[in-house]
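Listed here are the chains, written in short residue letters.
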Amino acid sequence: MVEPLIKTDSAALPEPDDEAKKRSRLLLQCIKKECDCAGGQIRFSEFMNIALYQPGLGYYSGGLQKFGEQGDFITAPEVSPLFGQCLAGQVAEVFQNIRETSDEKSFVIEFGAGSGVLAVDVLLQLEQLNELPEKYLILELSAELQNRQQQTIKHKAPHLYERVQWLQQLPDDVANAVVIANEVLDAMPVECFRINNEKTETLMLAVDDEKLLASYMADDSLDDRVNAIRQRSEIELADGYRSELNPAIAGWLAALENKLKRAVIFVIDYGYNEKEYYHPDRSEGTLMCYYRHRAHGDFSWWPGLQDITAFVNFTDVAYSALDAGLEMAGYTTQAAFLLANGISDLHATQVTDEVQQQIKLSQQIKTLTLPSEMGERFKVIALTKNYEESLKGFSMLDLSNRL
Ligand SMILES: C[S@@+](CC[C@H](N)C(=O)[O-])C[C@H]1O[C@@H](n2cnc3c(N)ncnc32)[C@H](O)[C@@H]1O
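Keep in mind it's a predicted model, so treat the numbers as computed, not measured.

Cut-offs and rules
Residues numbered from 1 in each chain as written. Predicted model: local features only at pLDDT ≥ 70, side-chain atom pairs only at ≥ 80, totals over all residues. Heavy atoms only, no water. Helix = DSSP H or I, 4+ residues; strand = E, 2+ residues; numbered from the N terminus. Rg over C-alpha atoms; globule rule 2.2 N^0.38 Å. Buried < 20%, exposed > 50% of the residue type's maximum accessible area, 1.4 Å probe, protein only. Core = buried A, V, L, I, M, F, W, Y, C linked by side-chain atoms within 4.5 Å. Contact = heavy atoms within 4.5 Å. Near = heavy atom within 4 Å. Polar contact = N/O pair within 3.5 Å; in protein donor to acceptor, adjacent residues only side chain to side chain. Areas by Shrake-Rupley, 256 points an atom, 1.4 Å probe, with all protein chains shown as cover. Nonpolar A, V, L, I, M, F, W, Y, C, P; charged D, E, K, R; others polar. Salt bridge = Lys/Arg side-chain N within 4 Å of Asp/Glu carboxyl O. Patch = residues over 30% accessible without salt bridge, like charges linked within 9 Å, V, L, I, M, F, W, Y side chains within 5 Å. Expected span 1.5 Å × (residues − 1). Arc of directions from axis to C-beta.

Caption draft 1: Seen up close, the overall build of the protein chain. Check the secondary structure of the protein chain and you find 13 helices and 17 strands. Computed over C-alpha atoms, the radius of gyration of the protein chain comes to 21 Å, within 12% of the 22 Å expected from 2.2 N^0.38 for 403 residues, which places it in the range of a compact globule. Expressed as lengths along the three principal axes of its C-alpha atoms, the size of the protein chain is roughly 60 × 50 × 40 Å. The burial tally for the protein chain puts 58% of its 403 residues in the buried class.

This is the structure we're talking about:
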């Protein structure tokens, strides 16, 4: 996401309309039902899963605008087609290398395709490069977004629509794949924890009188995981320290390793290495909520109407990948990745004499690459299976040794 225009507290957010509030109350009833089934309270990750993905009512599964200026946040593909065009250049390099040793077809698999605009930009550029995949497969949790992606592709690249296929789960029969996950891991449900008397406690939620009530509960298995993190990255977490942990990354990567014979996986997201993620100064964690381009920390504000997200711990992504049997092929900033994939040259081929268009394009490049914008907050990690060749996106700067 682009840096929000305003950082605020939830009291200063614009008031949702009555219809939206009604939907949020319905979602709260779903959360209450889950709490009742679980004996009174649920883990934060379960709450986040319902708040974002409850069919018809969750933030990503309901009909809200979400992306772009009329929505709540702006992602890189929404900023500029240059983002997808650079990524396509990287995909093309992988496809070319694979072709040298394999006769089997190559696929793109995109997770969480949002509005569908990244799929359009990648496909159109791959077409230009004469490197179209056999199929462009999309795995998307939200039925509403799947629908929106279909409309976007039909509208912007109708001749390539037949090449795109939406799947409910990873396919069994894909030989060669490039996997793209842009801002997907930050949208996966996390556990929130705090350190109390040197032990890890997990955040639990209950619903009482149409309000979410938060409390912490001792959690031995989370404590084991947090202790493992403390040891491997030599991290001190003082009493009172609060943060998050994504419990789904390991399973997600293991499934990719299990299903794909040969793959290069690109995870692009805002995040840090573990030492920065759990830095003493970040003692209130990384969880953020977005509503109408305002960022705040109150996850209990009108569930279902706002995005809830946490930064990605890229060291954990790397360790989980290695545990799953994948290899690390590179880790860098979004700026370095885009520059190494020729964003400047692409820009040069697209500028016209029209001043407005020149200003627009250079503004887009700044947003994608400047350190104060998305350039350094966002990272790219590449994980591979049965792929040995180097990847040009990491040729300018590889920060793997900082993980
Ligand atoms: C922040 S949006 C990013 C959308 C898009 N990639 C972009 O950059 O504009 C997160 C997306 O990931 C999807 N998502 C989250 N977890 C997922 C999962 N495990 N599998 C597939 N999609 C997922 C959401 O439904 C949503 O489309």
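Caption draft 2: Highlighting the nonpolar core. Formed by 97 residues in total, the largest nonpolar core has its most connected members in Ile 31, Phe 44, Phe 47 and Ile 308. The element that contributes the greatest number of residues to this core is helix α4 (residues 81-101), accounting for 10 residues. In contact with Ile 308, other than residues within four places in its own chain, are Phe 44, Phe 47, Met 48, Ala 51, Leu 52, Asp 186, Leu 287, Met 288, Cys 289 and Phe 299.

Caption draft 3: Representation of the site of the ligand. Around the ligand sit 17 residues, and of these Tyr 53, Thr 75, Gly 112, Glu 140 and Asn 182 come closest. Take Asn 182: an N or O atom from its main chain is 2.7 Å from a nitrogen atom of the ligand. Protein contact buries 94% of the 600 Å² of open area that the ligand shows by itself. Its residues assigned to classes, the shell around the ligand comprises 11 nonpolar, 4 polar and 2 charged.

Caption draft 4: Here's a closer look at the pattern of salt bridges. Taken as a whole and judged by the stated rule, the model has 16 salt bridges. One salt bridge connects Glu 210 with Arg 25, and the closest N-O pair in it is separated by 3.5 Å. Of this pair, Glu 210 sits in the loop between β8 (199-208) and β9 (211-218) while Arg 25 sits in helix α1 (residues 18-37), and the two are 185 residues apart along the sequence. When its relative accessible area of 51% is taken as the criterion, Glu 210 is described as exposed. Of the residues examined, Arg 25 reaches a relative accessible area of 36% and is grouped as partly exposed. We note a salt bridge from Arg 225 to Asp 316, for which the minimum N-O separation is 3.6 Å.

Caption draft 5: Looking closely at unusual backbone geometry. One non-glycine residue, Asn 130, lies in positive phi territory at about 60°. In this structure, Asn 130 sits in the loop between α5 (117-128) and β4 (136-139). With a relative accessible area of 68%, Asn 130 lands in the exposed category.

Caption draft 6: Representation of the environment of Leu 185 within the structure. By the secondary structure assignment, Leu 185 is in the loop between β6 (176-182) and β7 (191-196). Excluding its chain neighbours within four sequence positions, the residues that come into contact with Leu 185 are Asn 246, Ile 249, Trp 252, Val 267, Asp 269, Val 312 and Val 317.

Caption draft 7: How the structure looks around a nonpolar patch on the surface. Taken together, the side chains of Leu 339, Met 396 and Leu 397 define a hydrophobic patch exposed on the protein surface, amounting to about 250 Å² of accessible area. By the secondary structure assignment, Leu 339 is in helix α11 (residues 334-340). Take Leu 339: its relative accessible area is 36%, and that puts it in the partly exposed class.

Caption draft 8: Fine view of α1. The terminal C-alpha atoms of α1 lie 29 Å apart, and with 20 residues this matches the ideal 28 Å at 1.5 Å per residue to within 8%. Residues of α1 that are buried include every one of Ala 20, Lys 21, Arg 23, Ser 24, Leu 27, Leu 28, Ile 31 and Cys 35, and no others. Relative to the axis of α1, the buried residues are bounded by an arc of 160° and lie together on one face. The outward face of α1, more than 90 degrees from its buried face, is lined by the exposed residues Asp 18, Lys 22, Gln 29, Lys 33 and Cys 37. Check the buried side of α1 and you find it contacts β2 (42-43), α2 (44-53), β8 and β9. Sitting at the head of α1, Asp 17 places a side-chain oxygen 3.3 Å from the backbone nitrogen of Glu 19. Phi turns positive one or two residues past the end of α1, at Gly 39, with a value near 90°.

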